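Here is what each chain is made of, one letter per residue.
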Amino acid sequence: MDGPSERPAERAERVDDHHANSTETVVALLDRRKYTISFNFKIGLHHHSGRVDMRWSSAYPVSLTYNLRIRRDVAQWPDDTVYGYEDQLYGSSTPAKSYTRTEGQNGNGHNRLPYDGKRYFWDAWNLHLRIDGTAVSTAGSVQSDRATCYKTTTCKFKKGDT
């Protein structure tokens, strides 16, 4: 392995109050070859739940597995995990050029977004990347846009607050 992966800036797009897309690129280096993996979150909010579409793609076959959790966005402190999709491993353990998975709003994460007026996001973490059978380290996690979850109404993506 030539070195750990690099983490370019995230690209986020609020579609409307209840839908947002975010794409983050993970770059890994192996034997002087650059592998670019594009990871996309497409979120559809339903009251205090979310339909989470996760997709990653690569020009070369890679294996990428990860765990998923919902976190509270905390300024100047580590973020809090409010729900972990326990014992659920997402991604492809066999080499592939793309992978898509949907976690439905009525699935394990149903009604897991708190009613407290704070900001929340989905976090793909514990990333395991393998290229040509070799493990490649990745830094951090991949995160969705932030949604604000209110006490008396549904969660929303606020303009300028992703």
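Residues numbered from 1 in each chain as written. Predicted model: local features only at pLDDT ≥ 70, side-chain atom pairs only at ≥ 80, totals over all residues. Heavy atoms only, no water.

1. Description of the pattern of salt bridges
Okay, so step 1: For the coordinates displayed, the defined rule picks out seven salt bridges.
Okay, so step 2: Across the pair Arg-69 and Asp-123 runs a salt bridge, and its minimum N-O distance is 2.7 Å. Highlighted residues: Arg-69 in strand 5 (residues 49–72) and Asp-123 in strand 8 (residues 118–131), separated in sequence by 54 residues.
Okay, so step 3: Using a relative accessible area of 0% as the deciding quantity, one classes Asp-123 as buried.
Okay, so step 4: A salt bridge links Arg-101 to Glu-103; the nearest nitrogen and oxygen atoms lie 4.0 Å apart.
Okay, so step 5: Judged by its relative accessible area of 6%, Glu-103 falls in the buried class. (Salt bridge = Lys/Arg side-chain N within 4 Å of Asp/Glu carboxyl O. Helix = DSSP H or I, 4+ residues; strand = E, 2+ residues; numbered from the N terminus. Buried < 20%, exposed > 50% of the residue type's maximum accessible area, 1.4 Å probe, protein only.)

2. As for the nonpolar core
Okay, so step 1: Within the largest apolar cluster, 36 residues are counted, with the highest numbers of intra-cluster contacts made by Phe-39, Phe-41, Trp-56, Tyr-66 and Trp-122.
Okay, so step 2: Looking at this core, the elements with two or more residues in it are strand 3 (19–30), strand 4 (33–46), strand 5, strand 7 (90–103), strand 8 and strand 11 (147–149).
Okay, so step 3: With eight residues, the single largest contributor to this core is strand 5.
Okay, so step 4: Look past the residues within four positions of Phe-39 in its chain and what remains in contact with it is Ser-22, Thr-23, Glu-24, Met-54, Arg-55, Trp-56, Leu-64, Tyr-66, Ala-124 and Val-142. (Core = buried A, V, L, I, M, F, W, Y, C linked by side-chain atoms within 4.5 Å. Contact = heavy atoms within 4.5 Å.)

3. Considering the side chain of Thr-65
Okay, so step 1: The topology assignment puts Thr-65 in strand 5.
Okay, so step 2: Setting aside anything within four residues of it in sequence, one finds Thr-65 in contact with Leu-89, Tyr-90, Gly-91, Ser-92, Ser-93, Asn-126, Leu-127 and His-128.

4. Describing the packing of aromatic side chains
Okay, so step 1: Using the criterion set out here, one finds six aromatic pairs in the structure.
Okay, so step 2: Plain terms: the ring middles of Tyr-35 and Tyr-60 are 5.3 Å apart, the flat faces sit at 70 degrees to each other, and that makes the pair edge-to-face. Taken together, the residues span a long stretch of sequence, with Tyr-35 in strand 4 and Tyr-60 in strand 5 at a distance of 25 residues.
Okay, so step 3: Judged by relative accessible area, Tyr-35 falls into the buried class, the value being 3%.
Okay, so step 4: On the basis of an interplanar angle of 75 degrees and a centroid distance of 5.2 Å, the ring pair of Phe-39 and Tyr-66 is categorised as edge-to-face. (Phe/Tyr/Trp six-rings, centres within 6.5 Å; stacked < 30°, edge-to-face > 60°.)

5. Points about the side chain of Arg-72
Okay, so step 1: For Arg-72, the location among the structural elements is in strand 5.
Okay, so step 2: Within the local environment of Arg-72, its side chain forms a polar contact with the side chain of Tyr-120, the two groups lying 3.0 Å apart.
Okay, so step 3: Every residue in contact with Arg-72, bar those within four places of it in the chain, is listed here: Asp-79, Asp-80, Val-82, Pro-114, Asp-116, Lys-118, Arg-119, Tyr-120 and Phe-121. (Polar contact = N/O pair within 3.5 Å; in protein donor to acceptor, adjacent residues only side chain to side chain.)

6. Looking at the confidence of the model for the protein chain
Okay, so step 1: Taken residue by residue, the protein chain gives an average pLDDT of 86. The fraction at 70 or more is 90%.
Okay, so step 2: Note that pLDDT drops below 50 for residues 1–9; the model gives that stretch 32 contacts with residues more than four away or on any other chain. (pLDDT = per-residue confidence, 0-100.)

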